[in-house]
Amino acid sequence: MRILRFQTHTFAAPKTQASMAGTITFTMIKPEAVAAGNSGAILNKMEGAGFRIVALKKIQLSAQRAGKFYEVHAERPFYGELVEYMSSGPIFAAVLEKENAMSDFRALIGATDPTEAADGTIRKEFAESKAKNAVHGSDSDENAALEASFFFSDLERF
Ligand code: IDP
Ligand code: MG
């Protein structure tokens with residue numbers, strides 16, 4: 001006769017303040033990197049670094065939508081150039097998941113200017129210039145959530 005065994009419940013330990021960083025970040029593979037055929041290699045680096053792809057789409061932004069996305073930079077001298085560039089061709093937009101997603105992803109992509117980016121970073125390997133720097137990465141958990149929602153509904157995240 002078989003005896004059914006029931007597993008006792010286990011409870012996860014409460015999160016400490018130190019582990020409260022968000023698990024979601026947002027990225028774009030920018031137009032020049034998509035055009036150069038580097039999308040697959042860049043996504044491979046992201047997955048290889050432990051990021052899980054929650055959502056992914058290829059899309060071309062209108063100048064108006066790119067302007068809206070980068071509204072926080074509206075006063076910076078390169079805003080017009082940035083909006084024109086980011087709407088110049090298709091991009092990949094993605095939501096990524098990992099512990100400490102935002103800060104670990106910023107480390108993976110490297111400094112804004114590829115000449116200052118550390119060896120092994122995505123921008124060091126794939127960026128053309130400070131402007132055409134291959135990838136976007138959110139700069140805070142709050143912005144990651146806002147940026148992810150700019151492109152994806154809840155039904156598009158798995
Ligand atoms: P980040 O992408 O590393 O967060 P930000 O300062 O938020 O850098 O700038 C947003 C984007 O604007 C950059 O990724 C880059 O494409 C562009 N950008 C930043 N600084 C310059 C600049 O001095 N000249 C031209 N483009 C720039
Ligand atoms: Mg930024």
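Below is a short write-up of the structure. (Residues numbered from 1 in each chain as written. Chains lettered and ligands numbered in written order. Predicted model: local features only at pLDDT ≥ 70, side-chain atom pairs only at ≥ 80, totals over all residues. Heavy atoms only, no water.)

## Description of the site of ligand 1
- With respect to spatial proximity, the complete set of residues near ligand 1 consists of K30, H73, R76, F78, E81, L82, R106, T112, R123, K130, A131 and N133.
- The side chain of R123 places a nitrogen or oxygen atom 3.0 Å from an oxygen atom of ligand 1.
- Burial of ligand 1 by the surrounding chains reaches 83%, relative to a free accessible area of 530 Å².
- The class makeup of the residues in the shell around ligand 1 is three nonpolar, three polar and six charged. (Near = heavy atom within 4 Å. Polar contact = N/O pair within 3.5 Å; in protein donor to acceptor, adjacent residues only side chain to side chain. Areas by Shrake-Rupley, 256 points an atom, 1.4 Å probe, with all protein chains shown as cover. Nonpolar A, V, L, I, M, F, W, Y, C, P; charged D, E, K, R; others polar.)

## Comments concerning the sheet that holds strand β4 (residues 135–137)
- Across the sheet, four strands lie side by side as β2-β3-β1-β4; this open sheet has antiparallel pairing. Two strands close off the open sheet at either side, each with one partner strand: β2 (52–59) and β4. Along the sheet, successive strands turn relative to each other by an average axial angle of 20°, direction set aside.
- In this structure, β2 lies alongside strand β3 (residues 91–97), joined through seven bridges in antiparallel fashion. By the bridge assignment, R52 is partnered in β3 with E97.
- Each of β1 (24–29), β3 and β4 touches helix α5 (residues 101–109); the most contacted strand, β4, lies at about 150° to it.
- In the packing of helix α7 (residues 141–151) onto the sheet, the strands contacted are β1, β2, β3 and β4, and the crossing angle to β1 comes to about 55°. (Pairing = 2+ DSSP bridges. Helix = DSSP H or I, 4+ residues; strand = E, 2+ residues; numbered from the N terminus. Axes fitted to C-alpha atoms, helices over the stretch in contact; angles between N-to-C directions. Contact = heavy atoms within 4.5 Å.)

## A word on the environment of A63
- Along the polypeptide, A63 turns up in helix α3 (residues 63–69).
- You can call A63 partly exposed: its relative accessible area is 45%.
- Expressed as a C-alpha distance, the spacing of A63 and Y85, which sit 22 residues apart in the sequence, is 8.9 Å.
- Other than its neighbours up to four places away in sequence, A63 contacts V83 and S87. (Buried < 20%, exposed > 50% of the residue type's maximum accessible area, 1.4 Å probe, protein only.)

## Let's talk about the side chain of K30
- Position of K30 among the secondary structure elements: in the loop between β1 and α1 (31–35).
- With no salt bridge to any partner, buried K30 finds its closest opposite charge in E32, at an N-O distance of 7.1 Å.
- Not counting the four nearest positions on each side in its chain, K30 is found in contact with Y70, Y85, M86, I91, R123, A131, N133, A134, V135 and H136. (Lys, Arg positive; Asp, Glu negative; His and termini not counted. Salt bridge = Lys/Arg side-chain N within 4 Å of Asp/Glu carboxyl O.)

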